[in-house]
Amino acid sequence: MSKVSRVMPKIDKERCTLCGDCVEKCPQGAVHICSGELIIDEESCEYCGECEDICPMGAIALPYEIVMGKSHRSTKEE
Amino acid sequence: MNVPRVTDYVRGHPFFEGLKEAQLHDLTRMAALQKLDEEQILGLEGDRCTSVYFVVEGRIRAIKMSAGGRKQVLGEFEPGEAFYMVPALDDGPLPVTTRTATRATLLRFSRQDFLGLVERHPPLAMQVLNTLAQRMRRLTSLVEDLSLRSVSERLAKMLLERAESARTQRITQREMAAQLGTVREVVARNLSQFQEQGWIEVHRGSIEIIDPQALRREAAI
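Once a new chain begins, its residue numbering starts again from 1 and follows that chain's sequence as written. By the order in which they are written, chains take letters starting at A while ligands take numbers starting at 1. Where local features are concerned, this predicted model is filtered to residues with pLDDT of at least 70; where side-chain atom pairs are given and counted, the filter is 80 or more; whole-chain, interface and lining totals use all residues.

It is worth spelling out the overall build of chain A at this point. What counts as a helix is a DSSP run of H or I of at least four residues, what counts as a strand is a run of E of at least two, and both are numbered from the N terminus. Broken down by element type, chain A carries three helices and five strands. Its helices and strands taken in sequence order, chain A reads β-α-β-β-α-β-β-α from the N to the C terminus. Scored against the burial criterion, the 78 residues of chain A give a buried share of 21%. Whether two residues are in contact is decided by their C-beta atoms, placed from the backbone, lying within 7 Å. Nonlocal contacts in chain A, meaning residues at least 24 apart in sequence, comprise 54% of its contacts between residues at least 6 apart. Residues with at least 20 other C-beta atoms within 10 Å of their own are called buried, those with 12 or fewer are called exposed, and the rest are partly exposed. The C-beta atoms themselves are positioned from the backbone.

This part takes up the sheet that holds strand β4 (residues 60–65) of chain B. Residue and element names in this part refer to chain B. On the basis of which strands lie adjacent, the open sheet formed by four strands has the order β2-β7-β4-β5 and antiparallel pairing. Lying at the two open borders of the sheet, with one neighbouring strand each, are β2 (41–43) and β5 (71–77). Neighbour to neighbour, the strand axes of the sheet diverge by 30 degrees on average, direction disregarded. In terms of strand pairing, β4 meets strand β7 (residues 97–100) through four bridges, oriented antiparallel. What sits directly across from Arg61, in β7, is Arg99. Strand pairing follows a simple DSSP-based rule, namely that at least 2 bridges must link the two strands. Where helices are involved, their axes are fitted lines through C-alpha atoms of the stretch in contact, as for all axes, and angles between N-to-C directions lie from 0 to 180°.

Compared with the 39 Å implied by 1.5 Å per residue over 27 residues, the 38 Å span of helix α5 (residues 122–148) of chain B between its first and last C-alpha is a close match. Burial analysis of α5(B) places just two of its 27 residues in the buried class, which makes it a mostly uncovered element. One fewer than the residue count of a helix, multiplied by 1.5 Å, yields its expected span.

Residues and elements named next belong to chain B. One way to put it is that helix α2 (residues 21–30) packs onto helix α4 (residues 111–120) with a least axis distance of 10 Å and a crossing angle of 175 degrees. Here α4 runs roughly antiparallel to α2, going by the angle between their axes. For the pair formed by α2 and α4, the contact residues are Asp26, Leu27 and Met30 on the first element and Asp113, Leu117 and Arg120 on the second. Residues are grouped as follows: Ala, Val, Leu, Ile, Met, Phe, Trp, Tyr, Cys and Pro are nonpolar; Asp, Glu, Lys and Arg are charged; all remaining types, including Gly, are polar. Across the contact of α2 with α4, the residue classes break down as three nonpolar, no polar and three charged. Convention used here: angles under 35 degrees read as roughly parallel, angles over 145 as roughly antiparallel, angles from 65 to 115 as roughly perpendicular, and any remaining angle as oblique.

Look at helix α6 (residues 151–164) of chain B: 20 Å from first C-alpha to last across 14 residues, which is about the 20 Å you get at 1.5 Å a residue. Among the residues of α6(B), Arg154(B), Leu155(B), Ala156(B), Leu159(B), Leu160(B), Arg162(B) and Ala163(B) are the ones counted as buried.

Before going further, it helps to examine the environment of Val186(B). Residue and element names in this part refer to chain B. One can find Val186 in helix α8 (residues 184–196). For Val186, a count of 17 C-beta atoms within 10 Å puts it in the partly exposed group. In the structure, Val186 is positioned 35 residues away from Val151 in sequence and 8.0 Å away in space, judged by C-alpha atoms. For Val186, the contacting residues outside a window of four places in its chain are Val151 and Ala177.

Our next topic: the sheet that holds strand β10 (residues 200–203) of chain B. Overall, mixed pairing links the four strands, which are arranged β9(B)-β5(A)-β11(B)-β10(B) in an open sheet. The outermost strands of the open sheet, each flanked by one partner alone, are β9 (171–172) and β10 of chain B. Its contacts with the sheet put α6(B) on β5 (63–68) of chain A together with β10 and β11 (206–209) of chain B, and the angle it makes with β5(A) is roughly 75 degrees.

Right, let's get into unusual backbone geometry. Residue and element names in this part refer to chain A. Positioned with a positive phi, Leu18 is a non-glycine residue whose angle comes to about 60 degrees. Turning to its location among the elements, Leu18 is positioned in the loop between β1 (10–11) and α1 (21–25). Although it is not a glycine, Ser35 sits at a positive phi angle of roughly 50 degrees. Among the secondary structure elements, Ser35 is positioned in the loop between β2 (31–34) and β3 (37–40). According to the C-beta neighbour criterion, Ser35 is exposed, with 5 such atoms within 10 Å.

Let us look at the interface of chain B and chain A. Every contact between the two is made by 20 residues of chain B and, on the other side, 18 residues of chain A. Listed by contribution, the elements that provide at least two residues to the side of chain B that touches chain A are α6, β9, α7 (173–180), α8 and β11 of chain B. Sheet topology note: the β5(A)/β11(B) ladder contains four bridges and is parallel. Bridged to Ile66(A) within β11(B) is Ile207(B).

Residue and element names in this part refer to chain B. Joined through C-beta atoms within 7 Å, a set of buried Ala, Val, Leu, Ile, Met, Phe, Trp, Tyr and Cys residues constitutes a nonpolar core. Ranked by size, the top nonpolar core spans 31 residues in total, and within it Val52, Tyr53, Phe83 and Tyr84 carry the most contacts. Of all the secondary-structure elements, those providing two or more residues to this core are β3 (51–57), β4, β6 (82–83), α3 (85–90), β8 (104–110), α4 and α5. Sequence-distant contacts of Val52, that is, excluding residues within four places in its chain, are made with Ala82, Tyr84, Met85, Ala88, Phe109, Arg111 and Phe114. In terms of nonpolar packing, the next biggest core, distinct from the first, is built from 20 residues, Val73, Leu160, Leu180 and Val187 among them.

Below, the structure written as structure tokens:
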């Protein structure tokens, strides 16, 4: 089975100071610092937002697209 | 070398529609083009006003900060809009901090040049008044939301507005909180409650509205 790419938290590498707060805070242990870079493991990340909350530099963002459910898309109110 | 480009931007900007050729020429002489990356600060709340900006491309976020660091996003300026006209007119401090939400291109006029242009060109003065009147309506609506609606009502309203908008920009829960005048935890708790009620489904990277009527009732709209 081909691996489906999941929506991942966005990391602003220019802002990230590699302080490690998110590494400690992540309940899934999905955040690591490898070779001077912050890495989030796609398999274990649950998109819970703890890393976004703890980051003192605002370097991690978990964006959402807000959409109408399928059954309402064609009947969008004017 | 920059002059022809500034001319194009001035001529293409909706704010300056209806101005005559000589008036556009006058404007162009005083305009400076400014290109900015995402997340760049243009002005800090409380500073003196030195410039007025007209958005050509991108979006600029207007932010109020509390002493404790709480952030309230008052809105975003989009192409065709202008900002810092109020402090330019009353020579007061900048009322909000502005930061680029995306990469942006702006036309900048010094405060003195802007005031001179408004004095010399009545159609421009009328456009400024029109814009300030619209802004007053927008802020009145925001005050109504913040003072008369609960976070849950405001969140329901925001979800509907964003889902029904042609814009499909993504938003983080922290940004939602800043727009709603609350903190992320409260947004997260309300989203969970909406999900438990079956009004929305929160997926990884998306929030799907399942029952817009229920959200409308919640938002009282």
